[in-house]
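# Structural features, examined
For reference, the chains in residue letters:
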Amino acid sequence: KKVECQNSAVLVIDGASLEKCLTHCQKLFFESTTKLIGVLVCRCSPTQKTMMVQKMKYYSNMRVAGIGDGGNDVGMIQEADVGIGIVGKEGKQASLAADFSIIKFSHISRLLLWHGRLSYKRTATLSQFVIHRG
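Residues numbered from 1 in each chain as written. Predicted model: local features only at pLDDT ≥ 70, side-chain atom pairs only at ≥ 80, totals over all residues. Heavy atoms only, no water.

## Structural notes on helix α1 (residues 15-24)
Every buried residue of α1 is accounted for by Gly 15, Leu 18 and Leu 22. Each buried residue of α1 sits inside an arc of 60 degrees when the element is viewed along its axis, so together they form one side. For α1, the exposed residues set more than 90 degrees away from the buried face come down to Ala 16, Lys 20, Thr 23 and His 24. Buried positions along α1 lie against β1 (10-14), α2 (26-33), β2 (38-42) and α3 (46-60). (Buried < 20%, exposed > 50% of the residue type's maximum accessible area, 1.4 Å probe, protein only. Helix = DSSP H or I, 4+ residues; strand = E, 2+ residues; numbered from the N terminus. Arc of directions from axis to C-beta. Contact = heavy atoms within 4.5 Å.)

## Some points on the pattern of salt bridges
Summed over all chains, the structure comprises three salt bridges. Measuring nitrogen to oxygen at the nearest pair gives 3.8 Å for the salt bridge that ties Lys 57 to Glu 79. With Lys 57 in helix α3 and Glu 79 in helix α4 (residues 74-79), this pair connects stretches of sequence that are 22 residues apart. Salt bridges here are not isolated pairs; linked through shared partners, they connect Lys 57, Glu 79 and Asp 81. (Salt bridge = Lys/Arg side-chain N within 4 Å of Asp/Glu carboxyl O.)

## Concerning the layout of surface pockets
Put simply, the largest pocket is a space of about 990 Å³. Lining the largest pocket are 31 residues, and of these Val 39, Leu 40, Val 41, Ala 65 and Ile 67 sit closest to its centre. The set of elements that each furnish at least two residues to the lining of the largest pocket consists of β2, α3 and β3 (65-68). Class assignment of the residues belonging to the lining of the largest pocket gives a composition of 18 nonpolar, seven polar and six charged. As for the second largest pocket, its lining consists of Arg 63, Val 64, Ala 65, Ile 67, Val 82, Ile 84, Phe 100, Ile 108, Leu 111, Leu 112 and His 115. (1 Å grid on protein atoms, 1.4 Å probe; cavity = no way out; pocket = protein on both sides within 12 Å on 5 of 7 lines; lining within 4 Å. Points joined across faces, edges and corners; volume = space filled by probe spheres on them. Nonpolar A, V, L, I, M, F, W, Y, C, P; charged D, E, K, R; others polar.)

## Overview of the packing of aromatic side chains
Overall, the coordinates contain three aromatic pairs when judged by the stated rule. Judged by centre distance (5.1 Å) and plane angle (75 degrees), the rings of Phe 29 and Phe 30 are edge-to-face. We note that Phe 29, like Phe 30, is buried. Arranged with centres 5.3 Å apart and planes meeting at 5 degrees, the rings of Phe 30 and Tyr 59 form a pair that is stacked. (Phe/Tyr/Trp six-rings, centres within 6.5 Å; stacked < 30°, edge-to-face > 60°.)

## Considerations on the sheet that holds strand β5 (residues 100-102)
Spatial ordering of the open sheet is given by β3-β4-β5, a layout of three strands whose pairing is parallel. The open sheet is flanked by β3 and β5, the only strands paired with a single partner. This sheet shows a mean twist of 20 degrees between the axes of neighbouring strands, independent of strand direction. Here strand β4 (residues 82-86) pairs with β5 via three bridges, running parallel. Residue pairing across strands places Ile 86 opposite Ile 102, the latter belonging to β5. (Pairing = 2+ DSSP bridges. Axes fitted to C-alpha atoms, helices over the stretch in contact; angles between N-to-C directions.)

## Concerning the confidence of the model for the protein chain
The predicted model of the protein chain has a mean per-residue pLDDT of 90, with 94% of residues at 70 or higher. Summarising per-element confidence for the protein chain, the mean pLDDT is lowest in β2 (88) and highest in α4 (96). (pLDDT = per-residue confidence, 0-100.)

## Focus: the state of the cysteines
Counted by the stated rule, this structure contains zero disulfides. No disulfide involves Cys 21; its sulfur sits 5.0 Å from that of Cys 25, the nearest cysteine. Free of any disulfide, Cys 42 has its nearest neighbouring cysteine sulfur in Cys 44, separated by 7.3 Å. Cys 42 gets classed as partly exposed once you look at its relative accessible area, which sits at 30%. (Disulfide = S-S within 2.5 Å.)

This is the structure we're talking about:
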């Protein structure tokens, strides 16, 4: 059966459901989830989180961001292309292992906008240089 997903859909899945999907229909599951704009994995083991990031990178060939706030998220953050650690009640392990560290979850939008702006400026400068030296 063909699975079609909307561009604005997000998957929220827990550890027990994820385990069933990975054992019975792994290929179909990742083919479906790579079409979504986001996947939220909650209430699962650190190994499952890390494996989820590995498989998303393998099946999608896109950049993957891992966002976590505790010691159990360190593996996922390190495996992701971009790791974002949140300093919180569970300690600073995630923020110490991450590429970027923030205080609140609400600061993620500012981080992405700032990073996107800098990336755009670097690309524009490079293209101007290439055209000038052409």
